[in-house]
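Below are the chains, spelled out letter by letter.
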Amino acid sequence: MAGNSKSPDSSTTDPLHGFLPRKVSGAQARKALEHDLNAFTNPPTHHTARYKELLAYRKKLPVYAQMDDFFTVFNENQIVILAGEAGSGKTTQIPQFVAYSDLAHSRGKMIACTQPRRVAAKSTAERVAEEMDVQLGYQVGYSIRFENRTKRGTTFLKYMTDGMLLREAMSDHSLRQYSTIILDEVHERTLATDILMGLLKAVAKRRADLKIIIMSATLNAVKFQEYFSLGSETRAPLFKVPGRTHPIEIIYSQEPELNYVEAAIRFVLTIHRAEDPGDILLFLTGEDEIEMACREIKLEVDHLIKQYPSSVGPIVCIPFYAALEPTQQQRVFDQTAPPAEGPDLPLGRKVVISTNIAETSLTIDGIVYVVDPGYFKQKIYNPRTRRESLLVHPISQASAQQRTGRTGRTRPGKCFRLYTEEYFMSLEEETCPEILRSNLSNMVLQLVKLGIWVKDLAQFDYLDTPAPEALMRGVESLNYLKAFDEDETLTPLGSMMAEFPLDPQLASLLITSPQFKCSEEIVTITSMLSVPRIWVRPADQKREADAAKELFTIPGSDHLTLLNVYNQYVENKSDEDWPQMNFVSGHALAEAEEVREQLQRLMGKFELELVSTTGTERKSRQSILRALVCGLFMQVARREGNSYRTIKEDQFAELHPSCQLNEGHEWVLFDEFIFTGRSYLRTVSEVSQEWLLELAPSYFDLRTFPDGLTKLALEAVTKPKAAAGEQSSHRMADRATPWSL
Ligand code: CDP
Ligand code: MG
């Protein structure tokens, strides 16, 4: 096909006639784009009307106008930094340009384009498949954790999360199946993207044939250019896509706002009443706030319409956040402003209320007004206390600029910043990269799996080097999990752990569960812990929802309760209404089922046996809880007074209100330690201290255990055993059952 066709008139039947890999010009690509036949289907098919319609739209994107220059830079350089405003067409168009130049499809190679967010990878792949007139999952596909829609040998353009590409790098360090790798949204500085940058820098030296494009919003490109410099002097070239924006008026608040959610709602209502037609985008920090604001705005507007029917138009509020079900997410693109209710009546308006996902990853057309309260939610890990907190933080100046840039794309826009200009100047310039504020145990495991020695971890070529203490903590917890042996090389267990798309502790839990004869149950529990929100609790049906939850509850264990929900879900599969009637999310459960299948497949690959418990209910529950202790022993807390104190790092926390446990239990194992203004343990099971000593002896080693109440409590178990011998150990075995049935 590509260039080597001998037929004299093949230019009419082969749109890629005369194309030579990486010597393709803009004029050639444009000709292929306008061709009647699709270059990427085999045999070539005629382009549909929809293709032509979308092509007309694509031609208006700023990136399209730069095609000639792009091919020149791409053909001549191994690494290119590409920066452009959100919405200019980077994510959807650049990989397609590369497809014409690389001709990956005819060379058995692929083009990868990474995204930090699952939603973005998936929705872009859908869009691009449509633009290229091919079926999603064939020529164009996507791969995100627990969901792979690609076809081996057919897919040549693959959108994927950065985490998935990192995973692939573990089995093929040189990523040989790819001809070009595009790292997108690098300004978000996720942990996986940061590591990939370091990795690709090294791979580029080994593989002259690999091309790399680093894409970002128009921010601090120099930092990336310098990082990817070849030799000491030459910076990697910067390809800048000029924005094509209309003027945007920025309006600051005169006074600080006391309550940003209330202020935001007030602003949306004011815009709706006073400003010209045009859609509104409001940034809030999370699901609860967003849902609440949607309800309030709708109520207020309905009220206003009753009062002033001739001057207030209808409104549609569309929430957008990652945990939303896909059909709900799609609304943000599909739904338009409602029409006026009658002739001469005011026009309707669409209001999108989103987390910062709409800052760069997703472009919603038609936004004229942006309301920016100046906050977002950020996860921060403190290596000293080993505590992760998810808190509302002020955004950075860079974020504020991105938010502003979501308007003014098709006509002049306005951005309302609900803070003063002085406050804006005091904000951090850039958002703190994830590598500087995360638990690094997963990253450490992956780097070691990639062939980096533990002792060399600090010397890896990071764009920003993490704190030594954070690295140390990562290594320490992996040591407890027996991922490394004495000379700090990966054990077979550690190597297997790295292959599971899970946190190392959950991976270890899964791998050791066959020893407890309950791997079937543990794989279910792990899947349930890997999906968002199982419980549904509508604002107007809280009592009913709580009563439904009560019926699922297994006393003393949220983990066993989750298992119970899943099993009942499977039993009632034929009844479509079952999830809704029982106040559980059918979508989350279906996802858990999918995750479970994938984990089960991986377990098969490593010949980990799938076994279910036998014997009495009490016995099988005990096996499951013991397996949980064996994997999650670092997440244990002991009751002290009215709260719980975590082991070793001595942090106090309460049981989260969603826990189905009362506070009478002495030792608990938890899935999450969260800080949202107060500290909470979420998803908790009662365990016995005997199990801790028996199943995690190196972590609960009393010889090195810090002095204190916890140590005394643990010692109390061992002492009578030594004194009274066999007999008392029987008594203890009874006591070791934490719940009575
Ligand atoms: O990556 P960048 O922000 O530069 O832009 P993009 O994601 O490639 O989007 C370019 C244009 O494609 C947007 O302005 C949207 O109008 C359109 N698009 C769409 O309609 N649906 C999608 N799922 C993605 C993009
Ligand atoms: Mg993009």
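The following paragraphs examine the structure supplied in this document. (Residues numbered from 1 in each chain as written. Chains lettered and ligands numbered in written order. Predicted model: local features only at pLDDT ≥ 70, side-chain atom pairs only at ≥ 80, totals over all residues. Heavy atoms only, no water.)

### Some words on the overall build of the chain
No. 1: Along the backbone of the chain there are 28 helices and 21 strands.
No. 2: In terms of overall dimensions, the chain is globule-like: its C-alpha atoms have a radius of gyration of 28 Å, near the 27 Å expected for 741 residues.
No. 3: In terms of principal-axis extent, the alpha carbons of the chain reach across some 90 × 70 × 55 Å.
No. 4: Every one of the 741 residues in the chain was classed for burial, and the buried ones make up 56%.
No. 5: Just so you have it, the chain exposes about 33,000 Å², and 50% of that area is on carbon and sulfur atoms.
No. 6: For the chain, the distance from the average position of its 84 positive side-chain charges to the average position of its 98 negative side-chain charges is 3 Å. (Helix = DSSP H or I, 4+ residues; strand = E, 2+ residues; numbered from the N terminus. Rg over C-alpha atoms; globule rule 2.2 N^0.38 Å. Buried < 20%, exposed > 50% of the residue type's maximum accessible area, 1.4 Å probe, protein only. Areas by Shrake-Rupley, 256 points an atom, 1.4 Å probe, with all protein chains shown as cover. Lys, Arg positive; Asp, Glu negative; His and termini not counted. Charge placed at Lys NZ, Arg CZ, Asp CG, Glu CD.)

### Considerations on the side chain of S557
No. 1: Within the secondary structure layout, S557 lies in the loop between helix 21 (542-552) and helix 22 (558-571).
No. 2: Here S557 falls in the buried class, since its relative accessible area comes to 0%.
No. 3: Excluding residues that lie within four positions of it along the chain, S557 makes contacts with L625, L661, V684 and S685. (Contact = heavy atoms within 4.5 Å.)

### Details of helix 12 (residues 287-307)
No. 1: Here helix 12 contains 21 residues, and its C-alpha end-to-end distance of 30 Å stays within 8% of the 30 Å for a straight helix at 1.5 Å per residue.
No. 2: Considered for burial, the residues of helix 12 that qualify are E289, I290, A293, C294, I297, V301, L304 and I305. Considered in projection along helix 12, the buried side chains sweep an arc of 130 degrees and stay on one side of the axis. Turned more than 90 degrees away from the buried face of helix 12, the exposed residues are D288, L299 and K306.
No. 3: The inward-facing, buried residues of helix 12 contact helix 11 (260-274), strand 11 (315-320) and strand 12 (349-354). (Expected span 1.5 Å × (residues − 1). Arc of directions from axis to C-beta.)

### Some remarks on the site of ligand 1
No. 1: Taken together, 15 residues lie near ligand 1, and Y57, G87, T91, T92 and D365 sit nearest.
No. 2: A distance of 3.0 Å is found between an oxygen atom of ligand 1 and a side-chain nitrogen or oxygen belonging to R127.
No. 3: Out of a free accessible area of 530 Å², ligand 1 has 91% covered by protein chains.
No. 4: Residue assignment for the shell around ligand 1 shows that the elements contributing at least two residues are helix 6 (90-102) and helix 7 (118-131).
No. 5: Looking at the shell around ligand 1, the element that brings in the most residues is helix 6, giving three residues.
No. 6: Grouping the amino acids of the shell around ligand 1 by side-chain chemistry returns three nonpolar, seven polar and five charged. (Near = heavy atom within 4 Å. Polar contact = N/O pair within 3.5 Å; in protein donor to acceptor, adjacent residues only side chain to side chain. Nonpolar A, V, L, I, M, F, W, Y, C, P; charged D, E, K, R; others polar.)

### Considering the layout of surface pockets
No. 1: In this structure, the second largest pocket occupies an estimated 1,300 Å³ of space.
No. 2: Forming the walls of the second largest pocket are 39 residues, and the residues nearest its centre are N148, T150, R152, K158 and E168.
No. 3: Looking at the lining of the second largest pocket, the elements with two or more residues in it are strand 3 (140-144), strand 4 (147-149), helix 8 (162-171) and helix 24 (586-605).
No. 4: Taken together, the residues of the lining of the second largest pocket sort by class into 12 nonpolar, 15 polar and 12 charged. (1 Å grid on protein atoms, 1.4 Å probe; cavity = no way out; pocket = protein on both sides within 12 Å on 5 of 7 lines; lining within 4 Å. Points joined across faces, edges and corners; volume = space filled by probe spheres on them.)

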